[in-house]
Each structure stands twice: as structure tokens, then as C-alpha cells.
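Take a look at the letters that make up each chain.
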Amino acid sequence: MQSCTVVGAGLAGLIAARTLEEAGVRVTVFEKEEKVGGRMRTDAVQDGVFDHGAQFFTIRSDRFEEIARTWISAGVVEEWTRGFADSSGEQREDGHPRYRGTQGMTAIAEHLVSGLDVRTGAEVSGLYRDEQGWQVFAGDSSTHRSDALVLTPPSSLKLVDESGLSLTPGTRSALENIAYDPCIAVMVIPGGSGAVPEPGGVQIGGDPLFWVADNLQKGISDVPAVTIHAGPEWSREHLHSDDEAISRLLLEEAKDYVGTNIETTAVYRWRYSQPVGIHEERFVYIEGPPPLVFCGDAYGGPKVEGAVLSGLAAAEKLLQRAGV
Ligand SMILES: Cc1cc2nc3c(=O)[nH]c(=O)nc-3n(C[C@H](O)[C@H](O)[C@H](O)COP(=O)(O)OP(=O)(O)OC[C@H]3O[C@@H](n4cnc5c(N)ncnc54)[C@H](O)[C@@H]3O)c2cc1C
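Residues numbered from 1 in each chain as written. Predicted model: local features only at pLDDT ≥ 70, side-chain atom pairs only at ≥ 80, totals over all residues. Heavy atoms only, no water.

A look at the domain arrangement of the protein chain
Interfaces are often sized by the accessible area lost when the parts come together.
Okay, so step 1: Annotation of the protein chain at the domain level lists domain 1 (1-34 + 120-178 + 278-324) and domain 2 (41-106 + 180-276).
Okay, so step 2: Between the C-alpha centres of domain 1 and domain 2 there is a distance of 29 Å.
Okay, so step 3: Taken together, the contacts link 17 residues of domain 1 with 18 residues of domain 2.
Okay, so step 4: Here domain 1 and domain 2 share an interface that buries about 1,400 Å² over both sides, 64% of which is from carbon and sulfur atoms.
Okay, so step 5: Connecting domain 1 to domain 2 are two salt bridges.
Okay, so step 6: With its nearest N and O atoms 2.7 Å apart, the salt bridge here joins Glu316 to Arg63.
Okay, so step 7: Counting across the domain 1 and domain 2 interface gives five residue pairs in polar contact (both at pLDDT 80 or more).
Okay, so step 8: Those elements that place two or more of their residues in the side of domain 1 that touches domain 2 are helix 1 (11-22) and helix 10 (303-321).
Okay, so step 9: Take the side of domain 1 that touches domain 2: its biggest share by element is seven residues, from helix 10.
Okay, so step 10: The class makeup of the residues in the side of domain 1 that touches domain 2 is 11 nonpolar, one polar and five charged. (Domains from an automatic or database assignment. Contact = heavy atoms within 4.5 Å. Buried area = accessible area lost by both parts, 1.4 Å probe. Salt bridge = Lys/Arg side-chain N within 4 Å of Asp/Glu carboxyl O. Polar contact = N/O pair within 3.5 Å; in protein donor to acceptor, adjacent residues only side chain to side chain. Helix = DSSP H or I, 4+ residues; strand = E, 2+ residues; numbered from the N terminus. Nonpolar A, V, L, I, M, F, W, Y, C, P; charged D, E, K, R; others polar.)

This is the structure:
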């Protein structure tokens, strides 16, 4: 295996790409968005800066700890807190560190990009395979060839089906069992300072409100900038509601945290937020030639840690099968 294409520049894709590149494989990453990070997403709205996808991460395994330590040493990650307030305002310290990106969560992905060939604004729209390898149709309808392919998007099965690729019944059923909850995020610039309790997050864990965070207290925004996440049921119900209705309903629910004097709101719909059906292995591997691996946070374990460990395991599997 001399070359590999990775679809998706979220954490799974970037870790897979780095691991392959470090082993001497020529890697190209295609990302449909204009920036890297996927669900690690930091955006500016007026003067406010918002993490509105993943809010923080925890470390459970030694393998991930080793990787996260390199991010901390590089200054892109630091501990945020060891617990948040709940909806009653009570602080829930449990001794487990929660980590944040010092400049927001996207900055962790930007740190991983260095030295990699990553093409943003390049949506992969078709896949073709023959004995010689993979052809990927991306962005400006250019064709890219490689010996191996890594698919990380939550919608990978759709892409495979639209490309007319056949899968064995076992693989298809494994991929069909993966499902995601949606999450509607509202980014709010309150007229006042907001009233999110220290250290800047409230873990409500329900519907319609799931989570509220103050990005000023978090240390990534210079002005009050509050992220509201709706719960999965409410998000599913309101996925097609208009922005004005979504903002109005969630601001009413969150008025204890944001006040009633609001300067600006912006809505973002996460169609794929957190996986609810998880494949038990860290990847699904399809033997070549040419080989194909599916990976991401729905394989072997969810969240930031799950995505990283899945991307790593997928790359290691490809290297092992190629005898590298
Ligand atoms: C609202 C929200 C809150 C969350 N909160 C937390 C949290 O607090 N803690 C935690 O640990 N985790 C949290 N998560 C989950 C965490 O963000 C994910 O588990 C992790 O970022 C997933 O990484 P990934 O690489 O598997 O997938 P993704 O980040 O989704 O990466 C897939 C990439 O593929 C790209 N892509 C899709 N289709 C194509 C295509 N056709 N061509 C090219 N590119 C394509 C996408 O744009 C994306 O960049 C949260 C997620 C959301 C949405």
C-alpha cells in the first residue's frame, strides 16, 4: 500500500491520516466543509466565539491519554474542570478532568493537520473500485486514485450505496445498525453577561434543554457567547422548524442562563450528533484489493476518545494487512 484516501477531516480521519503518513503512506484527506474538525467545531458569530459541537472531552484509556498528552504539551488543550453544575445549580464535581481546546475545539483538529495533504471544500460524491485501487470523485469533480480508502463520515453507507458498491449482507447489517441522534445548537450573544454558573457549563441532560455553556467563561470568547444544545427528542422534532421558532423556544427555556435581552442568535443543526447504535469493533474492514475501512465515533466507542481510537485502529489495520 503506497497511497490512501481518507474521507472526512474530523478527528477519526485526521488521526488515521497521520498514522498512515508517519508509516510512509502517501495520504490525501478530502473534507466537504471549508474547515477541518467535523463535529469539533468552533465558529464566530459577530464578536462571539462558540464551540457548538463537542464541548469538552474526557480520557478513559491509556492509549488516548498518550495522544491527549501531546495536545496538552503543544498548548492546544488544557483541563477545564472536574465537573459542571446540574439544572438545580448544584456543582457536580466527580474528580474526572474535562478537557477543552485552549482556542476552541476546532484548534485541536487544526493542530493535527500540520504536514498532511488535506483538501477542504471538497465533498466526495462518488467512489469507484477496480483491481488497481480506488478512484474518488471529489469537489470540482476531479478524480483521485489511491491503493486504499478510509471512510469516516456518519453518512458513509449512503455514499457507498450512491456509488453502487456492493457489500456483503454481514457488513451491510453492521453499518445499518449504526444510528445517530440529532442536536440543534443555538449560539446566543446575550445583551447582558449571562448567568451560566461557574465554570461555564450546565449539564441538564434532558429535553428540550440538554446543555448550556458560556464560551467567555470557557476562555475562548472575548464577549459573552452562550451555546445552547437541545436534547435529542426535541432536536428530532424541530429539525425542520425555522430558525426563528427554534431560537424563540430555546431562549424561553434557557432564560435563567441568558436573560431576556438578546442581541443575536444563530442556529446550527447537527443531523449526526452522537451515535446511539455503536458497532462493537473499532472499525469495519473490507479486504481488498483494494481495501476499505469504515471508522469514526460509531465504532468501538463514542465521543472524542472513541473517534480518535477508531481512526488509529483503522490505520493500524491497513498497515498490518499491507505488511508495513
Ligand atoms: C452537538 C454535539 C455535542 C457533542 N459533545 C461532545 C462532548 O462534549 N464530548 C465528546 O467527547 N464528544 C462530543 N460530541 C461528539 C464528538 O464531537 C464526536 O464523537 C467526534 O468529533 C466525531 O469525530 P469523527 O471524526 O468520528 O466524525 P466527524 O467529526 O463527524 O468527522 C466526519 C467528517 O467527514 C466530513 N464529511 C462528511 N461527508 C463527507 C463527504 N461526502 N466528503 C468529504 N467529507 C465529508 C464531515 O464534514 C466531517 O468533517 C458532540 C457532538 C456534537 C455534534
